[in-house]
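Chain and residue survey
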Amino acid sequence: MKKQNIFTGFLLIGIGCYFFLQQFQIPFFTDFYSWPTLLMIIGIVFLFHSYFSKEYKNLFPGTILLGLGLHFFGLRHYGFWIDHWGVYPLIIGIAFLIRFQKTKSGLLPGLLLLGIALFAIYSINKPGWFNWINETASLLESFWPLLLIAIGGYLIYRKK
């Protein structure tokens, strides 16, 4: 029960700080009054909880939430921020590598996703066969809510 209290405590502190700073409208923090900041706070809470309670299973979702929050914040506030589908496998690959650091599992998927992401983002002259990947990513960007519904349904109805 104490480990759950640690998570709840960190979450309340993070969200409390968010709303406290929002009430005072401190000029330096005005860009942070948005939903990506809440994603970052929840991600940081997962990471803190993982390290303080030594339950490293929460490193993966914490890194993904923090990464997505940073990405959406960057898209909103910085003109130079990259808006490319390769950022998402990059975030997931980093999450696998951070989890690997403590659990020693997930190195291969992390490196594979990291390689795919870096190739997709930084390869200027991509070979012609790579276009199908961009088209598939574009299709997934349109129908990603259906993908979430399908994965959720699978998780609910799968047989163990």
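Residues numbered from 1 in each chain as written. Predicted model: local features only at pLDDT ≥ 70, side-chain atom pairs only at ≥ 80, totals over all residues. Heavy atoms only, no water.

A look at the overall build of the protein
Here is the rule: Every helix listed is a DSSP run of H or I at least four residues long, and every strand listed is a run of E at least two residues long, numbered separately from the N terminus. Categorising residues by exposure relies on relative accessible area from a 1.4 Å probe, with only protein chains included: less than 20% of the type maximum marks a residue as buried, more than 50% marks it as exposed, and the intermediate range marks it as partly exposed. Any two residues whose heavy atoms approach within 4.5 Å at even a single point are treated as in contact. Values of accessible area rely on a 1.4 Å probe in the Shrake-Rupley scheme; residue burial ignores everything except the protein chains shown. Counted charges follow a simple rule, with Lys and Arg positive, Asp and Glu negative, and His plus the chain ends left uncounted. Here the site of a charge means atom NZ of a Lys, CZ of an Arg, CG of an Asp or CD of a Glu.
Counting its secondary structure elements, the protein contains six helices and zero strands. For the protein, the N- to C-terminal ordering of α and β elements is α-α-α-α-α-α. For the protein, the spread of C-alpha atoms along the principal axes amounts to about 50 × 45 × 30 Å. For the protein, the residues scored as buried account for 31% of the 160 residues in total. By sequence separation, contacts in the protein at least 24 residues apart represent 54% of the contacts at least 6 residues apart. Approximately 10,900 Å² of the protein is accessible, and the part contributed by carbon and sulfur atoms is 71%. Of note, the protein has its 12 positive side-chain charges centred 20 Å away from the centre of its 5 negative side-chain charges.

Some thoughts on the side chain of His71
Looking at where His71 falls in the secondary structure, it is placed in helix H3 (residues 59–77). With residues up to four places along the chain from it excluded, the contact list for His71 reads Trp81, Ile82, Val87, Tyr88 and Ile91.

Focus: the UniProt feature "domain: LiaI-LiaF-like transmembrane region" (unreviewed entry) in the protein
Condition: UniProt positions are given in the numbering used here, feature names are shortened, and annotations may be inferred rather than shown by experiment.
As recorded in UniProt, the sites labelled "domain: LiaI-LiaF-like transmembrane region" (unreviewed entry) are residues 6–47. Secondary structure over residues 6–47 splits into 76% helix and 0% strand, and the C-alpha atoms at its two ends are 12 Å apart.

Points about the UniProt feature "transmembrane region" (unreviewed entry) in the protein
Mapped onto this structure's residue numbering, the UniProt feature "transmembrane region" (unreviewed entry) falls at residues 7–26, 32–52, 59–78, 84–100, 107–125 and 137–157. Along residues 59–78 the backbone is 95% helical and 0% strand, and the end-to-end C-alpha distance reaches 27 Å.

With respect to a nonpolar patch on the surface
Here is the rule we go by: Only residues above 30% relative accessible area that lack a salt bridge enter a patch, with like-charged residues linked at up to 9 Å and the nonpolar side chains Val, Leu, Ile, Met, Phe, Trp and Tyr linked at up to 5 Å. Salt bridges are identified by distance alone: a Lys or Arg side-chain nitrogen within 4 Å of an Asp or Glu carboxyl oxygen.
Together, Leu140, Leu147, Ile151, Tyr154 and Leu155 give the surface a local cluster of nonpolar side chains, amounting to about 490 Å² of exposed area. With respect to the helices and strands, the residue Leu155 is situated in helix H6 (residues 131–157). Among the residues examined, Leu155 registers a relative accessible area of 48% and is labelled partly exposed.

What to know about helix H4 (residues 87–103)
Defined as follows: One less than the residue count of a helix, multiplied by 1.5 Å, gives the span that helix is expected to have.
Between its terminal C-alpha atoms H4 stretches 24 Å, which fits the 24 Å expected from 17 residues at 1.5 Å a residue. If you check which residues of H4 are buried, you get Val87, Pro89, Ile91, Gly93, Ala95 and Phe96. Looking at the packing, one finds that the buried side of H4 touches H3 and helix H5 (107–122). Lys104 sits one or two positions beyond H4 and adopts a positive phi of about 60 degrees.

As for the packing of aromatic side chains
Quick note on the threshold: What counts as a ring pair is set by centres within 6.5 Å for rings of Phe, Tyr and Trp (its six-membered ring), and what kind of pair is set by the plane angle: stacked under 30 degrees, edge-to-face over 60, tilted for all other angles. Placement of a charge over a ring requires the Lys NZ or Arg CZ to be within 6 Å of the ring centre, with the centre-to-atom vector within 35 degrees of the ring normal.
Within this structure, the stated rule accounts for 13 aromatic pairs. An aromatic cluster is defined as three or more aromatic residues linked by ring pairs; in this entry it consists of Phe73, Tyr78, Phe80 and Trp81. The ring of Phe60 has Arg99 sitting right over it, with the charged end atom 5.4 Å from the ring centre. Positioned above the aromatic ring of Phe100, the side-chain terminus of Lys104 is 5.5 Å from the ring centre.

What to know about unusual backbone geometry
Phi is positive for Lys54, which is not a glycine, with a value near 60 degrees. Residue position: Lys54 is located in the loop between helix H2 (35–53) and H3. Positive phi is not limited to glycine here, since Lys104 has a value of about 60 degrees. Residue placement: Lys104 occurs in the loop between H4 and H5. Classification of Lys104 by relative accessible area gives exposed; the value is 59%.

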